[in-house]
Amino acid sequence: MLAVSFISFAMFTYVGDPVAIMLGQDFTEAQRAALVAELGLDQPFFVQFLKFIGNAVQGEFGLSYRLSRPVAELIAERAPATLELALCAAVIAMAVGVPMGVYTGLYRHSILSRFFLTFSLIGVSLPTFLIGILLILIFAVALGWLPSFGRGDVVRLGWWTTGFLTVSGLKALILPAITLGVFQLTLIMRLVRAEMMEVLRTDYIKFARARGLSNRAINFGHALKNTLVPVITIAGLQLGAIIAFAIVTETVFQWPGMGLLFIQSVGAADVPVMAAYLMLIALVFVTINLIVDLLYYAVDPRLRIGKGAH
Amino acid sequence: MRIRLFAALAALCLSAVAAEARTVRWSASGDPNTMDPHSQNVGTVTMVLQQIYDPLIQRSRTLGLAPGLAVSWEQVEPTRWRFRLREGVRFHEGQTFTAEDVVFSIDRAKQPTSNFGIYVDTIESAVAVDPMTVDVITRVPDPILPNKIASVFMMSRSWSEANGATRPQNTRQREEIHTTRNTNGTGAFRLANREPDVRTVLARHADWWGWREEGTGNVTEIVFRPISSDATRIAALLSGEVDFVLDPPLQDLQRLRSAQGVSVLEGPEVRTIFLGMDQFRPELLYSDVRGRNPLSDLRVRRALYQAIDIQAIQRVTMRGQSMPTGTLFPEQVNGYAREEDVRLPFDAARARALLAEAGYPNGFEITLDCPNNRYINDEQICQAIAGMWSRVGVRTRLNAMPLGPFFAKIQREDTSIYLFGWGVPTLDALYSFQSLLASRAGGQQGDGIWNYGGYSNARMDALISRMRTETGDARQAAIREALNIFREDVPLIPLHHQMIPWAMRSNISIPHMANNQPYFRWAVVN
């Protein structure tokens, strides 16, 4: 975390000059110097960095140069949009990816399997923004079924805003969630497929068949369960990636989340927002890794036994 | 049968309601970052605030001056302008508009936290003569005060005082103030709802004084939603989710023109694109020429100028959406002279000859700094120019970057040659001359503030100070002579004026404005 904070801070010191953007077209040298001093930009790099860390530990990221509002407040305002989008994308990726993976693993040569595999190749290789624009062209411009941008009407529950409770909110969610989830979906599908094929060759599956267990019990009770450890690892890490890389999807769909905030801040060299966002993403990754490690214990009994035996 | 009757009735009611509510859903790439009328002097803020606030003098459809909150104005003494105010005007929250509000608003625009200093720089004070008359006293005679005052919005004194907003929002202060997200103007629309970066809703102010005037429109509601991605913004227009797009990308214009239900309105912008050149260093920072500065030689500047095939740039790079120029500003600006708007002809052979004459028969190497997200097709223009210069022997390295780092770089004067654009909000020649061509050592605020090439010419400085104080023909003559020096001396290489097409659904009509401001008071929705 410290490393990320240092790198992000150091990087942003060089990306641009917020002073130039804040002053506008007409100013004097005296005005410029006064602003630089007010922002503390005239101090040595390490003094600026230590101040930044000291404040960050207290959850205080300063004031956005662009919007003149506290950064923490801005991010809290945008977080629900990103989290809802990421959640939907992850659910789509898991709910569709795992069954497709199982199917293609079991029936390797069926026509449907080949179709799924071709589809997954497209999903992996097309860049996200292109998928998003294609979906917009088809479902918003040509067919007119779904909105091309925004979040629809949202309902306010305390500080959280949700699009789950209105029709327009749900409709607005579909295209971005698919766009964001497609890459993860194909990844999970290919992973489950490979693992299934691996597991189906092992001896205990053969023994299970010899015992006369039903296909259903073998495929889902024994085979699928054993594929889950790597799938959970990847899915967990991918959830972090979904939140972090929602930037592109949010930009294409003008989704008012943290990623869009980040991009808008980059345009204005709004350093406090950029630094806080990167720190937050680092925190998300660290937390998710921790949760994934803990989940192993729940899924894989061997880890628990191993601990008891020593 | 009965159900059908009900359905028909319901449909009738709905269409009646629809006829009442005329909503324009408007989109652009950027969102205004404040609602304070004196804090940020940028187009994205003004495009929303000018719907809400009125100035004393407003712009007509042709960008001329027209009565706004002042019904008349005159220069009673060289340093005293007298404004007679409009009777019976009320702010959106009910306060009556009086001379006190004018005095307050001008004082507010003069505060150090104001970004509108250039429009009130000559003002000594504003004095209320009686409730409906205001005198503005200037330190020096200021012939273009009305042009400048047309950019200063009028606020309510009692409202600002009650809400602790007597100073413009300070963009570097810790707390936001009331005016960051609230407004109280006298304009045609009032702010109904605002979610920054997501949605800004304006509702028609039925009591606006101007609705009685001829040519006003029927819009009852404006919903502004920024969409930063070009492709998505256009998709939203094509799918009918958005009615009006202020900044359609050039490459989509052809498609928009042929699309059903969409029309494109073309027009010029008061913004000119130039190349600036380092003319003050003894040696360039980014070149292989040692011991001398080729750009301080007029012959080299002319060679670079004549090596540019501006017609090709207009045709290919700009897809026809530019007006090549040889002068400093377009014709909407006071002082423009058609006779001075003549380019040095494109002539590669002549360019090579000039370079040889100046002592560079084999050309030289140079780096061209260029923004890649500020002006229309800025990076592509630079690519074209780099190619054209390389053909006459000036080997050009292109250094394109986003506007943040770009402006930081040129403001450090860390550049040898750079592309930039200049708009003229006052629509008067002085604004361009004093910012771009006055010597940087000049004493006044704004002198040479964008003269990063360090151009300095005593005659030019003298003419600029004459433009500040003289009036009538003498002033026009000074501008004319300065324009001639600009053409002869090539302190900047002019390229073109930008065009700014607007795209909208076919049921919307709105006059195109060269200041790139949509005035929805004049918009009609059918």
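Residues numbered from 1 in each chain as written. Chains lettered and ligands numbered in written order. Predicted model: local features only at pLDDT ≥ 70, side-chain atom pairs only at ≥ 80, totals over all residues. Heavy atoms only, no water.

Labelled according to an unreviewed UniProt entry, chain B appears under the name ABC transporter substrate-binding protein, originating from Rhodovarius crocodyli. Word for word, the UniProt comment on chain B under Subcellular location (unreviewed entry) is "Periplasm". (UniProt positions renumbered as here; feature names shortened; annotations may be inferred.)

A. A look at the nonpolar core. The biggest cluster of nonpolar side chains holds 149 residues, and the ones touching the most others in it are Trp26, Leu56, Ile308, Leu328, Phe329, Trp389 and Phe433 of chain B. Lining this core are residues from two domains, each supplying at least three of them: domain 1 (21–224 + 506–525) and domain 2 (269–499) of chain B. Within the second largest apolar cluster, 31 residues are counted, among which are Leu67, Ala172, Ile243 and Ala246 of chain A. (Core = buried A, V, L, I, M, F, W, Y, C linked by side-chain atoms within 4.5 Å. Buried < 20%, exposed > 50% of the residue type's maximum accessible area, 1.4 Å probe, protein only. Domains from an automatic or database assignment.)

B. Layout of the sheet that holds strand 8 (residues 189–195) of chain B. Residues and elements named next belong to chain B. Spatially, 8-9-10-1-11-19-12 is the arrangement adopted by the seven strands of the open sheet, whose pairing is mixed. Edge positions in the sheet fall to strand 8 and strand 12 (262–265), since each has one partner strand and no second. Where strand 1 (residues 23–27) meets strand 10 (residues 221–224), four bridges bridge the pair, whose relative direction is parallel. In the sheet register, tryptophan 26 faces strand 10, and the bridge partner there is phenylalanine 224. (Pairing = 2+ DSSP bridges. Helix = DSSP H or I, 4+ residues; strand = E, 2+ residues; numbered from the N terminus.)

C. Looking closely at the packing of aromatic side chains. One pass over the structure, following the stated rule, counts 24 aromatic pairs over all chains. Ring geometry for phenylalanine 115 of chain A and phenylalanine 116 of chain A: centres 6.2 Å apart, planes at 45°, overall tilted. The exposure class of phenylalanine 115 of chain A is exposed, given its relative accessible area of 53%. Arranged with centres 5.6 Å apart and planes meeting at 75°, the rings of phenylalanine 244 of chain B and tryptophan 502 of chain B form a pair that is edge-to-face. One end of the pair, phenylalanine 244 of chain B, is in strand 11 (residues 244–245); the other, tryptophan 502 of chain B, is in strand 19 (residues 502–505), with 258 residues separating them in the sequence. Following the ring pairs from residue to residue traces out a cluster consisting of Trp26, Phe224, Phe244, Trp502 and Phe520 of chain B. In this arrangement the basic side chain of arginine 204 of chain B is found over the ring face of tryptophan 211 of chain B, its NZ or CZ atom lying 3.6 Å from the centre. (Phe/Tyr/Trp six-rings, centres within 6.5 Å; stacked < 30°, edge-to-face > 60°. Lys NZ or Arg CZ within 6 Å of the ring centre and 35° of its normal.)

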